[in-house]
Amino acid sequence: MSTSLPPRIASYEADPDKVGRVLLLYSGGLDTSVMLKWIQDQYGAEIVALTVDLGQPGEDFDVVRDKALRLGAIDCLVVDAKEEFARDYVLPAIKANALYGGGYPLFTALGRPLIAKLAVEKARETGCDTIAHGCTGKGNDQVRIETTVASLDPDLRIIAPVRSWQMGREEEIAYAREHGIPIKGGTEAPPYSVDDNIWGRSSEGGPIEDLSEPPRDDVWETVTPPERAPDEPQTIAIGFERGCPVSIDGERLGLVELIERCAELGGRHGVGIVDHIEDRIVGLKVRDIYEVPAAEILLTAHKELEKLVGTIHQNNFKPELDRQWAFLVYAGLWYEPLLGNLNAFMDSVNEWVTGTITMRLYKGRAVAVARSSPHALYDAALAGFGESGGLFSQQASPGFIELWSLQSRMAHRVRNRQTG
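As the structure is a prediction and not an experimental result, all values here were calculated from the model. (Residues numbered from 1 in each chain as written. Predicted model: local features only at pLDDT ≥ 70, side-chain atom pairs only at ≥ 80, totals over all residues. Heavy atoms only, no water.)

Novice: Which residues make up the sheet that holds strand β10 (residues 251–252), and what values go with them?
Specialist: Taken together, the five strands give an open sheet; going across it, the order is β10-β9-β8-β13-β14, and neighbouring strands pair in antiparallel fashion. Bordering the open sheet on either side are β10 and β14 (365–372), each of which pairs with just one other strand. Direction of pairing for strand β8 (residues 234–241) relative to strand β13 (residues 355–362): antiparallel, over a ladder of seven bridges. By the bridge assignment for β13, Gln 234 is matched with Leu 361. The sheet contacts of helix α9 (residues 293–309) involve β8, β9 (244–248), β13 and β14, and relative to β13 the element is tilted by about 135 degrees. (Pairing = 2+ DSSP bridges. Helix = DSSP H or I, 4+ residues; strand = E, 2+ residues; numbered from the N terminus. Contact = heavy atoms within 4.5 Å. Axes fitted to C-alpha atoms, helices over the stretch in contact; angles between N-to-C directions.)

So, in structure tokens, the structure goes:
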């Protein structure tokens with residue numbers, strides 16, 4: 001196996017001779033556990049481990065912390081960041097109806113700048129000069145983490161051992177055995193690479209890479225396959241205030257609890273399965289399987305309410321900015337000034353996004369079936385097919401049509417003179 005240290009390519013990469021204390025983003029899995037020992041050996045550095053709780057289901061953070069300390073970390077910090085994640089990262093995504101490539105609700109992309117921000121803060125507090133992460137050279141997360149760190153503290157340096165050590169899984173297992181590193185789940189290779197938080201779950205690699213095959217049943221963890229979902233639909237009413245979801249069926253909930261409740265309800269009914277072909281910013285085209293029940297419900301409901309209260313011009317214009325917002329976040333540019341500009345626009349539009357959307361959950365679909373808002377630009381007396389009057393005069397329509405079509409009719413005549 002190759003364990004030599006690579007030459008520096010970027011200015012923010014660590015000079016091996018100047019690494020003293022390293023803040024390691026630590027999950028407790030094979031990669032970061034091997035990394036914890038490898039950095040000590042290769043750099044002679046002290047390690048402070050950092051584990052961030054973004055609502056990963058089923059994770060025992062006490063076990064993660066104890067493992068890091070047993071492997072030689074001088075400390076392992078566990079930060080519960082669920083509330084901050086929901087308030088400062090997921091909520092702006094809801095306001096921006098954020099989907100990348102029409103399907104990915106950015107749950108990993110939203111989590112990485114927060115994790116990197118916390119890494120910078122804890123590195124400063126613990127006297128670390130370098131931050132280490134376990135991202136590969138083929139993914140987007142390396143871009144998101146390193147861009148954030150370089151933006152927030154240019155004096156901190158980065159090391160990314162997985163990019164350089166050229167160890168495959170079997171070599172990592174051999175390294176772990178040699179150095180007495182416990183391997184979660186034994187030595188059997190998991191079929192998928194998984195990442196999750198309260199906003200969603202992704203699976204990639206393994207059988208998923210065969211584009212000719214549908215996803216296998218063993219990929220589903222949080223969403224019931226639609227064919228096995230309940231035979232009776234369920235309706236839930238999502239209440240919003242200024243673009244923020246605040247209640248389910250009239251019960252006010254904190255944002256984290258509301259997201260978790262939507263995830264449970266949607267998952268039960270098979271809502272939120274996305275089989276997605278995605279264009280990564282590093283140039284690769286990949287297939288990912290997403291389980292995103294909360295995002296499917298809340299983004300759909302928010303978009304419906306926004307449509308109800310927005311003018312035709314707002315509703316035609318905002319989706320273009322939504323797509324730009326999603327791209328910037330996907331691309332790791334959380335601190336790009338344009339994103340701040342877009343957030344100001346999203347907040348302004350969402351000042352009027354207050355009301356209730358009733359969603360019907362059934363066999364993999366989440367559909368809006370009822371809508372209400374004090375700011376709705378809908379008037380049944382005007383829009384109904386019965387006799388209308390008042391502000392709307394059907395007798396005015398011919399004159400409107402005459403003027404509305406004027407340039408189009410003129411252009412058609414002028415450009416078709418030669419054909420008679």
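After that view of the structure, there is still more to cover.
Novice: Got a sec to walk through the packing of aromatic side chains? Specific residues and values, please.
Specialist: One pass over the full model with this rule turns up twelve aromatic pairs. Centre to centre, the rings of Trp 325 and Trp 334 are 6.3 Å apart; their planes meet at 80 degrees, and the pair counts as edge-to-face. Relative accessible area serves as the criterion here: at 15%, Trp 334 is assigned to the buried category. When the ring of Phe 400 is compared with that of Trp 404, the centres are 5.9 Å apart and the planes differ by 20 degrees; the resulting orientation is stacked. Placement of both Phe 400 and Trp 404 in helix α13 (residues 397–404) is noted, with a separation of four residues, approximately one turn of the helix. The positively charged end of Arg 144 is found above the aromatic ring belonging to Tyr 330, 4.9 Å away from the centroid. (Phe/Tyr/Trp six-rings, centres within 6.5 Å; stacked < 30°, edge-to-face > 60°. Buried < 20%, exposed > 50% of the residue type's maximum accessible area, 1.4 Å probe, protein only. Lys NZ or Arg CZ within 6 Å of the ring centre and 35° of its normal.)

Novice: Explain the pairing of strand β3 (residues 75–80) residue by residue, including any values.
Specialist: Bridge count for strand β2 (residues 46–53) against β3 is six bridges, and the pairing is parallel. Bridge pairing in β3 links Ala 49 to Cys 76. Each parallel crossover has a hand, and the one from β2 via helix α2 (residues 61–70) to β3 is right-handed. (Right-handed = clockwise from strand over helix to strand, strands pointing away.)

Novice: Could you give an account of unusual backbone geometry, naming the residues involved and the relevant values?
Specialist: The residue Asp 249 is not glycine, and still its phi comes out positive at about 50 degrees. Within the secondary structure layout, Asp 249 lies in the loop between β9 and β10. Phi at Lys 363 is positive, roughly 50 degrees, even though this residue is not glycine. Its relative accessible area of 25% is what places Lys 363 among the partly exposed residues.

Novice: Lay out the packing of helix α10 (residues 312–330) against helix α11 (residues 337–350) in plain terms, naming residues and giving numbers.
Specialist: The relative placement of two packed helices is expressed as an angle between their axes plus a distance between the axes. Viewed as axis vectors pointing N to C, α10 and α11 meet at an angle of 140 degrees, and their least axial separation amounts to 10 Å. Between α10 and α11, the crossing angle belongs to the class labelled oblique. Every pair of crossing elements has a handedness; the one defined by α10 and α11 is left-handed. Of α11, the residues touching α10 (which contributes Phe 317, Lys 318, Leu 321, Asp 322, Gln 324, Trp 325, Leu 328 and Val 329) are Leu 338, Leu 339, Leu 342, Asn 343, Phe 345, Met 346, Val 349 and Asn 350. Looking at side-chain class alone, the contact of α10 with α11 contains eleven nonpolar, three polar and two charged residues. (Parallel < 35°, antiparallel > 145°, perpendicular 65-115°, else oblique. Left-handed = near helix turned anticlockwise from the far one by under 90°. Nonpolar A, V, L, I, M, F, W, Y, C, P; charged D, E, K, R; others polar.)

Novice: Any chance you could break down the sheet that holds β2 for me, citing the residues and the numbers?
Specialist: Spatially, five strands are ordered β3-β2-β1-β4-β5 in an open sheet, and the strand pairing comes out parallel. Of all the strands in the sheet, just β3 and β5 (157–159) have a single pairing partner and so form its edges. Taking each pair of neighbouring strands and ignoring which way they run, the sheet shows an average axis angle of 25 degrees. Here helix α1 (residues 30–43) sits on the sheet in contact with β1 (21–25), β2, β4 (130–132) and β5, set at roughly 165 degrees to β1.

Novice: Run through helix α8 (residues 255–268), naming residues and quoting values.
Specialist: Here α8 spans 20 Å end to end across 14 residues, near enough to the 20 Å set by a 1.5 Å rise per residue. Those residues of α8 that sit buried are Leu 255, Val 256, Leu 258, Ile 259, Cys 262, Leu 265, Gly 266 and Gly 267. Just downstream of α8 lies Gly 270, where phi reads positive at about 75 degrees. (Expected span 1.5 Å × (residues − 1).)

Novice: Explain the environment of Asp 347 to me, and be specific about the residues and the numbers.
Specialist: Tracing the backbone through its elements, the reader meets Asp 347 in helix α11. The spatial distance from the C-alpha of Asp 347 to the C-alpha of Asp 129 is 37 Å, given a sequence separation of 218 residues.

Novice: I'd love a proper account of the packing of α8 against α9, names of residues and values included.
Specialist: The N-to-C vectors of α8 and α9 enclose an angle of 105 degrees; their axes lie 7 Å apart at closest approach. As far as their axial angle goes, α9 and α8 are roughly perpendicular. Mapping the contact onto sequence places Leu 258, Ile 259, Cys 262, Ala 263, Gly 266 and Gly 267 in α8 and Pro 293, Ala 294, Ile 297 and Leu 298 in α9. For the contact of α8 with α9, the class distribution of residues is eight nonpolar, two polar and no charged.

Novice: So what's going on with the side chain of Glu 278? Which residues, and what values?
Specialist: Within the secondary structure, Glu 278 sits in strand β11 (residues 273–279). For the buried residue Glu 278, which engages in no salt bridge, the nearest side chain bearing the opposite charge is Arg 280, 5.2 Å off. Among the polar contacts listed, one links the side chain of Glu 278 to the side chain of Tyr 290, at a separation of 2.7 Å. Side-chain polar atoms of Glu 278 contact the side chain of Tyr 330, separated by 2.8 Å. With residues up to four places along the chain from it excluded, the contact list for Glu 278 reads Tyr 100, Tyr 104, Asn 140, Leu 284, Lys 285, Val 286, Asp 288, Tyr 290 and Tyr 330. (Lys, Arg positive; Asp, Glu negative; His and termini not counted. Salt bridge = Lys/Arg side-chain N within 4 Å of Asp/Glu carboxyl O. Polar contact = N/O pair within 3.5 Å; in protein donor to acceptor, adjacent residues only side chain to side chain.)

Novice: Summarise the pairing of β8; cite the residues concerned and give the values.
Specialist: Pairing of β8 with β9 involves four bridges; the strand directions are antiparallel. Within the sheet, the bridge partner assigned to Phe 240 lies in β9 and is Pro 245. In this structure, the hairpin formed by β8 and β9 is closed by a connection of two residues, where Arg 242 is found at a positive phi of approximately 50 degrees.

Novice: Which residues make up the nonpolar core, and what are the values?
Specialist: Buried together is how nonpolar side chains tend to be arranged in soluble globular proteins. Counting residues in each nonpolar core, the largest one holds 82 residues, and the members touching the most others are Leu 106, Leu 110, Trp 199, Ile 238, Trp 325 and Met 359. Per element, the largest residue contribution to this core is ten residues, and it comes from helix α4 (residues 107–126). Not counting chain neighbours up to four residues away, the residues in contact with Met 359 comprise Gln 234, Thr 235, Ile 236, Ile 238, Ile 297, Thr 300, Ala 301, Ala 366, Val 367 and Ala 368. With 30 residues, the next largest nonpolar core counts Trp 38, Ala 49, Val 64 and Ala 73 among its residues. (Core = buried A, V, L, I, M, F, W, Y, C linked by side-chain atoms within 4.5 Å.)

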